[in-house]
Amino acid sequence: MINFNPNPCVDKPKDIKCNCTDEKADLKNTIQILKIVQNCWADQVPNDGEKISDADAIKQSIRCLEEYLESLAENTPENPYVVNVTGLTQEHFHTESSASNVAGSYLSQIIQNSSKYVTLKEKETSYNNAKIEDFSFAANSYLTGIMGYVSMGYSIGQYAFMGCTSLTSIEIPDSVTSIGFVTFGLCASLISITIPVSVTSIDSGAFVGCSSLTITSNNTKYVTCSNGHGLIDTSTKTLIWSNENIIPNDGSVNSIDSYALSYCPSLTNITIPDSITSIGGWVFEGCTSLTSINISDSVTEIGDYAFSGCSSLTSVKIPLGVTTIGKYAFWQDKKLTTVKIPSSVTYINSYAFRGCENLEVIIDNTEGAVSISSGALDDCKSVVYLKIVNH
């Protein structure tokens, strides 16, 4: 059951399927009509006790409607309705959504269609052995929070809360053991999350684009760094998420997971320490404020899409030791002007520098020594090989 009553004067409907914009217009019209009737009665029958009683009732109705209208105006992401949720079943979280057609679960659609900012609250788990399914609340712009032990069961599916731009807080109960791929992706307003001790698996990109987030962890496998602005999988020494300019250089990490720092608007420059041996795919994708990268000599591979969409990137030094540059690695980095490819590089994958129209590529090798896949250098301003084959 879903119900709320934010205004004591007005009995709110039991569901939240109404449209705020239309509701406000209807209320304003009703108030205006009641005021006209009130004025007419006040002028024409001032001494009729029965009419005066009716007029008082109309006056009271006007007051209640105006207060309710004011409460609608005050409904914002910072001041959402708290909706008590009980009796949930797996069906409420079921969704047929896909990445190309995000409709959300039954519960999510009720919230989205209401056009009201809502925080869900549940004190007891309604069912066991269930999960928040893939895409359950994806792209729901009116969900602001989840409080209490909401029925998340054992798993939170991939993309479950992706793009919930008003979501500021969520409590993950101890029953949850896994958090899926891009579960909280692009939740830019999300401020805090605690990783419970029960979690044993966090997939890549779980917190990608969460630029305001600070994480607390009660978990020994997943520990925080940078005062809660980074998260490390200690079992593999992998940095799985960060929204700051710092990658730990104390030996606690030796790899960077896919999407770990993607879509981080505050990232302006980054130094990759000597402990890192590989840069995963999509690691810095969409970091539009990133201007320079210092990659350590220990890195041997730059993953697919690693720096794609870094539209402010002007400088990158690829160190001697890198052997592979992934597909679309520097895609659409239009401000790059010069990149030197060291002699250690033997393979440049498809479209690695696609869209880099101002780029001069200098390859410290002979033309036949480097395998270059289709479109890798096609858009570049020029390509120069520093070595020639001696016949």
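Residues numbered from 1 in each chain as written. Predicted model: local features only at pLDDT ≥ 70, side-chain atom pairs only at ≥ 80, totals over all residues. Heavy atoms only, no water.

Undergrad: Sorry, what's going on with the overall build of the protein chain here?
TA: If you tally the helices and strands in the protein chain, you get three helices and 26 strands. Taking all 391 residues of the protein chain together, 48% fall into the buried category. Counting contacts in the protein chain only where the partners sit at least 6 residues apart, residues at least 24 apart contribute 40% of the total. (Helix = DSSP H or I, 4+ residues; strand = E, 2+ residues; numbered from the N terminus. Buried < 20%, exposed > 50% of the residue type's maximum accessible area, 1.4 Å probe, protein only. Contact = heavy atoms within 4.5 Å.)

Undergrad: Would you explain the sheet that holds strand 25 (residues 371–372) in this entry?
TA: Backbone-to-backbone hydrogen bonds join strands into a sheet, with any given pair of strands oriented parallel or antiparallel. Pairing is mixed in the open sheet, where nine strands are placed in the order 12-13-14-15-17-19-21-23-25. Edge positions in the open sheet fall to strand 12 (222–225) and strand 25, since each of these has one partner strand only. Relative to strand 19 (residues 301–302), strand 17 (residues 278–279) runs parallel, the two being bridged by two bridges. For I279, the partnering residue across the bridge sits in strand 19 and is I302. (Pairing = 2+ DSSP bridges.)

Undergrad: Where do I start with the side chain of S373 in this structure?
TA: Counting through the fold element by element, S373 comes out in the loop between strand 25 and strand 26 (382–385). Look past the residues within four positions of S373 in its chain and what remains in contact with it is Y347, I348, N349 and S350.

Undergrad: So what exactly am I meant to see when it comes to the sheet that holds strand 22 (residues 338–341) here?
TA: Ordered in space as 22-24-26, the three strands form an open sheet in which the pairing is parallel. The sheet terminates laterally at strand 22 and strand 26, the two strands that pair on one side only. Sheet twist, expressed as the mean angle between neighbouring strand axes with direction ignored, is 15 degrees. (Axes fitted to C-alpha atoms, helices over the stretch in contact; angles between N-to-C directions.)

Undergrad: Could you clarify how one ought to interpret the pairing of strand 9 (residues 192–195) in this entry?
TA: Regular strands place their side chains on alternate faces of the sheet. The side-chain alternation of strand 9 yields one buried face, formed by I193 and I195, and one unburied face, formed by S192 and T194. Note that strand 9 and strand 11 (residues 214–217) share four bridges and pair parallel. Note that in strand 11 the partner of I195 across the bridge is S217.

Undergrad: Can you help me understand the environment of V82 in this one?
TA: Counting through the fold element by element, V82 comes out in strand 2 (residues 81–85). Among the residues examined, V82 registers a relative accessible area of 40% and is labelled partly exposed. Each C-alpha atom, one on V82 and one on T144, is 9.5 Å from the other, the two residues being 62 residues apart in sequence.

Undergrad: I would appreciate a short explanation of the environment of G321 in the present structure.
TA: Within the secondary structure, G321 is located in the loop between strand 20 (315–317) and strand 21 (324–325). For G321, a relative accessible area of 24% gives the class partly exposed. Measuring from C-alpha to C-alpha, the distance between G321 and S298 comes to 6.8 Å, with 23 residues separating the pair along the chain. For G321, the residues in contact, after removing those within four places along its chain, are V299, T300 and S344.

Undergrad: Quick question: what am I supposed to make of the packing of aromatic side chains here?
TA: Two aromatic rings are characterised by how far apart their centres lie and by the angle between their planes. All chains considered together, the criterion is met by 16 aromatic pairs. With 4.9 Å between their ring centres and 15 degrees between their planes, F135 and Y159 make a pair best called stacked. Taken together, the positions of F135 in the loop between strand 4 (131–132) and strand 5 (143–147) and Y159 in the loop between strand 6 (155–156) and strand 7 (169–170) put the pair 24 residues apart, joining distant regions of the chain. Y159 carries the same exposure label as F135, and that label is buried. An aromatic cluster of three or more residues is present, and its members are F135, Y159, F181, Y259, W282, Y305, Y328, W331 and Y351. (Phe/Tyr/Trp six-rings, centres within 6.5 Å; stacked < 30°, edge-to-face > 60°.)

Undergrad: Explain the pattern of salt bridges here, please?
TA: Side chains that differ in charge, positive against negative, can pair when their charged atoms come close. Within this structure, the stated rule accounts for two salt bridges. Across the salt bridge formed by E357 and K334, the nearest N and O atoms sit 3.4 Å from each other. You can see E357 sitting in the loop between strand 23 (347–348) and strand 24 (360–363) and its partner K334 sitting in the loop between strand 21 and strand 22, a full 23 residues away along the chain. Overall, K334 belongs to the partly exposed group, its relative accessible area being 33%. The closest approach of N and O atoms between D379 and R354, which form a salt bridge, is 3.1 Å. Taken together, the residues span a long stretch of sequence, with D379 in the loop between strand 25 and strand 26 and R354 in the loop between strand 23 and strand 24 at a distance of 25 residues. Judged by relative accessible area, D379 falls into the partly exposed class, the value being 32%. R354 gets classed as partly exposed once you look at its relative accessible area, which sits at 31%. (Salt bridge = Lys/Arg side-chain N within 4 Å of Asp/Glu carboxyl O.)

Undergrad: Quick question: what am I supposed to make of the state of the cysteines here?
TA: Linking two cysteines covalently via their sulfur atoms produces the bond known as a disulfide. All chains considered together, the criterion is met by zero disulfides. C164 provides the cysteine sulfur closest to C187, a residue in no disulfide bond, and the two sulfurs are 5.1 Å apart. (Disulfide = S-S within 2.5 Å.)

Undergrad: Hey, could you run me through helix 3 (residues 106–114) in this one?
TA: Because the α-helix completes a turn every 3.6 residues, residues three or four places apart line up on one side. Turning to helix 3, its buried residues are L107, S108, I110, I111 and S114. Buried residues of helix 3 fall within an arc of 160 degrees about the axis and therefore sit on the same side. Phi turns positive one or two residues past the end of helix 3, at S115, with a value near 55 degrees. (Arc of directions from axis to C-beta.)

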